Amino acid sequence: MCGICGFVQPQRKADQSDLRRMNDRIVHRGPDDDGFHYTGEVGLAARRLSIIDLKTGHQPLSSASGQCWITYNGEVYNFPQLRREMESAGVRFRTGTDTEVLVNLYEQRGFDFVDQLVGMFAIGIHDARKHRLVLARDRLGIKPLYYYHDTAGGNLIFGSEIKSILEYPGMPRRLDHEALDYFLSLEYVPAPLSIFRDIRKLPAGHILVWENGCIRIQRYWDVATTDNGRPRFTDERDRFIALLEDAVRCRLISDVPLGAFLSGGIDSSAIVAMMSRHTQEPVQTFSIGFEEKSYSELPWSRKVAETFDTRHYTRNLSPDINELVLRLADFMDEPLGDFSNFPTYLVSRTARERVTVVLSGDGGDEIFGGYEHYIAQRMARFLDPLPMRPFHGVLAGLTHLFPPSTRKKGMINRIKRFSEGLENPWDQRHFRWMLFLSPRSKAGLYAPEFLQPHFLEPLTRREPFAAHFRQASRFSGINQDLYLDLKTYLTDNILVKVDRMSMANSLEARVPLLDHRLVELAFSLPPEWKVRGSVTKWFFKQSMEGILPRSVIHRRKEGFSIPIKNWLRTDLRDLMQDTLSEARIKDSGLFQPQAVQRMVNEHLSGKQNHSHRLWALIQFNLWRELWLTSPCRG
């Protein structure tokens with residue numbers, strides 16, 4: 001596991017000291033070692049977190065011929081098999097790393113080398129034979145990869161994090177208004193956009209090829225539609241369990257201690273169950289709790305830990321997180337509104353005290369149908385037809401009569417969120433349950449200089465979402481919604497959060513449920529096996545019978561979140577009022593100060609729950625003042 005960066009520059013701007021500075025900016029991703037390959041026109045660099053082959057795994061690394069050089073972040077779990085195949089073809093290896101396997105595999109098979117890989121990766125390869133630079137990102141986007149392309153000069157600069165790219169000489173720092181609108185609407189910035197106008201994300205499952213100053217980007221993987229006819233549940237269950245066990249088993253490869261995040265939900269519990277089958281020592285598990293009982297899942301994680309006799313470690317997250325808010329802003333190159341940043345960071349810190357690698361249960365909701373908004377989407381189909389539209393306003397009016405609950409969930413909170421979703425345009429379809437600003441709210445919040453007419457249009461008509469909707473139409477039923485979440489929310493929110501917060505602690509997080517073989521299996525299942533009536537994740541839950549305690553399988557999903565709506569009224573109140581003060585909002589020139597102040601007052605009085613909107617504005621303002629108006633630091 002590493003952080004990578006580099007460039008190809010036909011008209012030189014950067015020297016080796018610049019490359020070193022780019023690499024030093026991501027030391028947290030790999031504190032064990034650093035390495036450089038520099039020719040003047042091409043520079044590759046890596047920070048290494050030593051996991052496999054601790055002695056000879058130095059990067060960047062050349063192919064057997066010396067004509068190709070690689071810098072690489074990730075783990076490819078089937079590399080021993082690939083190595084054996086190449087050795088039988090006469091290739092000789094100098095190290096025991098997957099890195100050397102990858103660069104030789106590229107030299108043998110060209111762009112098709114990515115099709116052979118099982119794992120997570122962000123790869124940069126300089127091919128001196130063809131005067132080419134190739135970037136590749138894993139199928140699901142587990143590992144990040146950003147780039148800047150100077151169309152005038154032909155330069156290409158890339159890195160695991162934006163902060164590396166910003167160290168390249170003369171790099172512009174301009175806010176992308178389109179990306180900001182997406183962030184305020186969704187709490188994340190969808191690929192290929194980034195919050196910086198001139199820097200882009202390489203989408204998951206794509207490669208980028210630089211040749212002669214020009215770039216081309218091509219997709220090498222997508223979820224395929226499969227017609228399985230009428231499959232037998234027992235056959236698919238057995239296939240799923242075998243694949244899940246193999247996905248976990250191969251992710252146990254490590255020359256350093258490893259463990260698992262354990263929330264007590266079905267996803268992380270299933271991972272721990274499979275780990276316990278393949279480890280001689282008890283699995284080390286890690287959990288975060290809260291004083292507010294409706295938010296804390298520690299009793300459930302302890303139950304699973306006892307079931308599988310793990311060595312279980314816990315930590316509580318207190319509401320006094322002001323210092324942590326500012327610290328995490330330094331690690332986030334672009335704002336992310338996900339509240340669970342904080343517990344993810346702290347559970348990563350807890351784990352790093354004992355292990356270097358953890359397995360995480362992320363991905364299960366997006367491939368097996370675990371979110372409540374999938375049920376809400378089905379309910380809304382009855383209310384979407386034109387004759388039912390007046391009912392939307394009636395429902396919204398009724399919910400405003402009740403103050404928001406301080407509890408994590410509850411009937412009032414669910415109805416309020418459902419009515420807010422109905423307020424968004426009906427043709428937003430699935431995404432309306434994940435929107436935090438309606439067109440009406442934008443019109444009242446955005447300053448006239450920032451508001452653009454197309455910001456008020458449905459996401460279905462705007463790229464990149466329009467393209468995702470076109471691709472999703474290949475699927476039927478809930479598989480359409482799952483595909484949309486797989487391509488957006490999972491890649492650009494969940495996996496960004498897990499990568500940044502784990503790597504901030506120099507901890508590698510592996511995600512077995514996002515083994516692409518499991519993802520392909522999940523999408524081949526009938527849609528009605530995902531959500532049945534009010535039961536989410538039906539297939540997954542049925543498959544776990546006899547493996548996990550029934551109380552764990554069938555407990556209500558809570559989600560990994562914090563009591564931010566309550567903390568904004570108490571411990572975080574001063575930070576909110578300071579960050580969103582009239583002077584600082586005016587300074588940005590992007591929002592109407594009176595609209596922001598109205599939200600603050602309504603939230604503090606308990607009249608409304610504006611926590612998502614206010615937190616997004618706080619995160620953006622902290623990011624803007626740190627990254628746009630201050631020197632780059634982290």
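Residues numbered from 1 in each chain as written. Predicted model: local features only at pLDDT ≥ 70, side-chain atom pairs only at ≥ 80, totals over all residues. Heavy atoms only, no water.

Topic: the sheet that holds strand E13 (residues 258-261)
The test is simple: Should DSSP find at least two bridges between two strands, the strands are regarded as paired. Each helix corresponds to a stretch of at least 4 residues labelled H or I by DSSP, and each strand to a stretch of at least 2 residues labelled E; elements are numbered beginning at the N terminus. Each axis is a line fitted through C-alpha atoms, and for a helix only the stretch in contact is used; angles between axes span 0 to 180 degrees, taken between their N-to-C directions. Throughout, a contact is declared for two residues whenever any of their heavy atoms are within 4.5 Å.
Taken in spatial order, the 5 strands line up as E15-E14-E13-E16-E17 in an open sheet, and their pairing is parallel. For this open sheet the edge positions go to strand E15 (311-316) and strand E17 (508-510), each flanked by a neighbour on one side alone. Averaged over all pairs of adjacent strands, the angle between strand axes in this sheet comes to 30°, irrespective of strand direction. Summarising the sheet, E13 and strand E14 (residues 284-289) pair through 2 bridges and their orientation is parallel. Note on E14: the bridge partner recorded for Phe 261 is Phe 286. The sheet strands contacting helix H7 (residues 266-276) are E13, E14 and strand E16 (357-359), and the helix crosses E13 at an angle near 155°. Sitting on the sheet, helix H10 (residues 341-352) touches E13, E14, E15 and E16, and the angle it makes with E14 is about 145°.

Comments concerning the packing of helix H2 (residues 79-88) against helix H3 (residues 98-109)
To keep things clear, this is the line we draw: Our angle categories are set so that under 35 degrees counts as roughly parallel, over 145 as roughly antiparallel, 65 to 115 as roughly perpendicular, and the remainder as oblique. Two helices crossing with the near one rotated counterclockwise from the far one by less than a right angle form a left-handed crossing, whereas a clockwise rotation gives a right-handed crossing. In this classification, the charged set is Asp, Glu, Lys and Arg, the nonpolar set is Ala, Val, Leu, Ile, Met, Phe, Trp, Tyr, Cys and Pro, and all remaining amino acids, among them Gly, are polar.
For the pair H2 and H3, interaxial distance at closest approach is 10 Å and the crossing angle is 50°. The angle between the axes of H2 and H3 places the two elements in the oblique class. The two elements H2 and H3 cross, and the hand of that crossing is left-handed. Contacts between H2 and H3 pair Phe 79, Leu 82, Arg 83, Glu 85 and Met 86 from the former with Asp 98, Val 101, Asn 104, Leu 105, Gln 108 and Arg 109 from the latter. Along the lines of polarity and charge, the residues of the contact of H2 with H3 split into 5 nonpolar, 2 polar and 4 charged.

Section: the pairing of strand E8 (residues 146-149)
Using the following cut-off: Only protein chains enter the accessibility calculation, which uses a 1.4 Å probe. A residue is then buried if its area is under 20% of the maximum for its type, exposed if over 50%, and partly exposed in between.
Burial along E8 is two-sided: the residues Tyr 146 and Tyr 148 and Tyr 147 and His 149 are all buried. In the sheet, E8 pairs with strand E10 (residues 200-201) via 2 bridges, with the strands oriented antiparallel. Across the sheet, the residue bridging to Tyr 147 is Arg 200, located in E10. Where E8 folds back on strand E9 (residues 156-159), the antiparallel hairpin that results is connected by 6 residues, among which Gly 154 adopts a positive phi of roughly 85°.

Without other data, these values stay purely geometric and don't point to any function.
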